[in-house]
Amino acid sequence: MSEKAERTDRFDAADECEIEESLRRDGYSPAVIDHWLHPRNFGRMTSHDGSSGVYTGPCGDSMAIWLKVNGETISRARFISDICIGAVASGSMITELAVDRSVTEAMWLTSSDILEALGGLPDEYAHCALLAEKTLQEALRDHNALKATPWKRIYSR
Ligand code: FES
């Protein structure tokens, strides 16, 4: 079962239609609604090559991202977040954007890239994309630190 499919049983079809309609009325794009209802890469990663720890943004919501890196390329990324629609959609999107990029390329991913890929977020929730950007940067920094001092891996699990 794919990671996307694992999450689809949260709502039955009728609930999902009602939720979609309500979110559309609230100004959420189809991509945001899809990523919130079916978040990609949602969940923890037990064996990783870098993790953000729990990063909390100024609004009080939190996110954590884990990375698996093969050579210089991010091969897997997973995230957890608070229930905020913008944060879940942004975490889902940034993990998709990060996979198959080099660590250096991923450092350049910004909230603008997330917002563009999601078709935007309502203005009052645009900062949710920044939470995902900052959390990914923390995970990348942790990866670089682990690479520079591999013995710290013992304490990072
Ligand atoms: Fe705080 Fe979305 S991340 S409102």
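Below: a short report on this structure. The structure displayed is predicted, hence computed values, not measured ones.

Looking down a regular strand, the side chains alternate between one sheet face and the other. Two strands pair when backbone bridges link them, and strand E2 (residues 62–70) and strand E3 (residues 73–81) are joined in this way by eight bridges, in the antiparallel orientation. By the bridge assignment, Lys 68 is partnered in E3 with Arg 76.

Here we take up the nonpolar core. Soluble globular proteins tend to pack their nonpolar side chains together in the buried interior. Counting residues in each nonpolar core, the largest one holds 37 residues, and the members touching the most others are Val 32, Ile 65, Ile 94, Ala 98 and Leu 136. Looking at this core, the elements that each hand over two or more residues are helix H3 (30–37), E2, E3, helix H4 (85–98), helix H5 (103–107), helix H6 (111–118) and helix H7 (127–148). Here this core takes eight residues from H4, the largest share from any one element.

As a further point, take unusual backbone geometry. For residues other than glycine, phi is negative in most cases, and the peptide bonds are mostly trans. Within the chain, Asn 41 stands out as a residue other than glycine whose phi angle is a positive 60°. By secondary structure assignment, the location of Asn 41 is in the loop between H3 and strand E1 (55–56). A tally of 22 C-beta atoms within 10 Å means that Asn 41 is categorised as buried. Despite not being glycine, Asp 100 has its phi angle at roughly 75°, a positive value. Note that Asp 100 resides in the loop between H4 and H5. Since 12 C-beta atoms lie within 10 Å of it, Asp 100 is described here as exposed.

What counts and how
Residues numbered from 1 in each chain as written. Predicted model: local features only at pLDDT ≥ 70, side-chain atom pairs only at ≥ 80, totals over all residues. Pairing = 2+ DSSP bridges. Helix = DSSP H or I, 4+ residues; strand = E, 2+ residues; numbered from the N terminus. Core = buried A, V, L, I, M, F, W, Y, C linked by C-beta atoms within 7 Å. Buried ≥ 20, exposed ≤ 12 C-beta atoms within 10 Å, placed from the backbone.

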